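# Analysis of the macromolecular model
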Amino acid sequence: GAGVSQSPSNKVTEKGKDVELRCDPISGHTALYWYRQRLGQGLEFLIYFQGNSAPDKSGLPSDRFSAERTGESVSTLTIQRTQQEDSAVYLCASSPVRGAGTEAFFGQGTRLTVV
Amino acid sequence: AQTVTQSQPEMSVQEAETVTLSCTYDTSENNYYLFWYKQPPSRQMILVIRQEAYKQQNATENRFSVNFQKAAKSFSLKISDSQLGDTAMYFCAFETSGSRLTFGEGTQLTVNP
């Protein structure tokens, strides 16, 4: 596809279950970001990947959160033992390079609801 | 660490009028990039305008322009001839070559008919 694709669009899960969110970046984009957006709030940085470099995981809120990306392809964000405070929209973005002022292209996000 | 502050949680404007959204940032870097992104109810984040810090000329994109004051670390967005479709959350963002993209808390803009 032409844009960043995220799946699922919406996910309702029970407290304590694990969830996996997927992001397909634009082909050829080396940089990939995950952000969390709680209702009515700004974007909270979670993690970013730049090519084959070690990812910056400094934004992950707890060890229940993890993310993977192989090369410049799909990324998955996994939340283990979900809690109600994990309810939010999770946004993925990709850009051709990082830190060069290039536009970051966003997916439409996954709305996660933990009940 | 870089920080971005948007002090106006909500703004409203009448259709066809002009509105200015504020953004300040804090950095010790000299070369960096600033952005305004728009997030309509669809959740899709869209780049509105971009400014390189080394350029003194303010960026302009049709009805959107910025007032970049490097010394004051201020980067405001002016929307002229506001349209109903401009209703959205607007985020200011900052990036340097050595850091990730950092966003402000956002300003919810409502354009009233």
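Quick summary incoming for the structure in this document. A quick note: this is a predicted structure, and the numbers were derived from the prediction, not measured. (Residues numbered from 1 in each chain as written. Chains lettered and ligands numbered in written order. Predicted model: local features only at pLDDT ≥ 70, side-chain atom pairs only at ≥ 80, totals over all residues. Heavy atoms only, no water.)

### Comments concerning the environment of Glu-95 of chain B
- Tracing the chain through its elements places Glu-95 of chain B in strand β10 (residues 88-95).
- You can call Glu-95 of chain B buried: its relative accessible area is 2%.
- Spatially, the C-alpha atoms of Glu-95 of chain B and Gln-2 of chain B are 8.6 Å apart, while their sequence positions differ by 93 residues.
- A distance of 3.5 Å separates a polar atom in the side chain of Glu-95 of chain B from a polar atom in the side chain of Tyr-33 of chain A. (Helix = DSSP H or I, 4+ residues; strand = E, 2+ residues; numbered from the N terminus. Buried < 20%, exposed > 50% of the residue type's maximum accessible area, 1.4 Å probe, protein only. Polar contact = N/O pair within 3.5 Å; in protein donor to acceptor, adjacent residues only side chain to side chain.)

### Quick notes on the interface of chain A and chain B
- Each partner contributes residues to the interface: chain A has 28 residues there, and chain B has 22 residues.
- Both faces combined, the contact of chain A with chain B buries some 1900 Å², and carbon together with sulfur accounts for 47% of it.
- Our enumeration of links across chain A and chain B arrives at zero salt bridges.
- Residue assignment for the side of chain A that touches chain B shows that the elements contributing at least two residues are β4 (31-37), β5 (44-50), β8 (88-95) and β10 (110-114) of chain A.
- Ranked by residue count, the leading element in the side of chain A that touches chain B is β4 of chain A, at three residues.
- Classifying every residue of the side of chain A that touches chain B gives ten nonpolar, 14 polar and four charged. (Contact = heavy atoms within 4.5 Å. Buried area = accessible area lost by both parts, 1.4 Å probe. Salt bridge = Lys/Arg side-chain N within 4 Å of Asp/Glu carboxyl O. Nonpolar A, V, L, I, M, F, W, Y, C, P; charged D, E, K, R; others polar.)

### Some thoughts on the environment of Ser-95 of chain A
Residues and elements named next belong to chain A.
- Within the element layout of this structure, Ser-95 appears in strand β8.
- Given a relative accessible area of 2%, Ser-95 falls into the buried group.
- Placed 70 residues apart in sequence, Ser-95 and Pro-25 show a C-alpha to C-alpha distance of 8.4 Å.
- For Ser-95, the contacting residues outside a window of four places in its chain are His-29, Thr-30, Ala-31, Tyr-33, Thr-102, Glu-103 and Ala-104.

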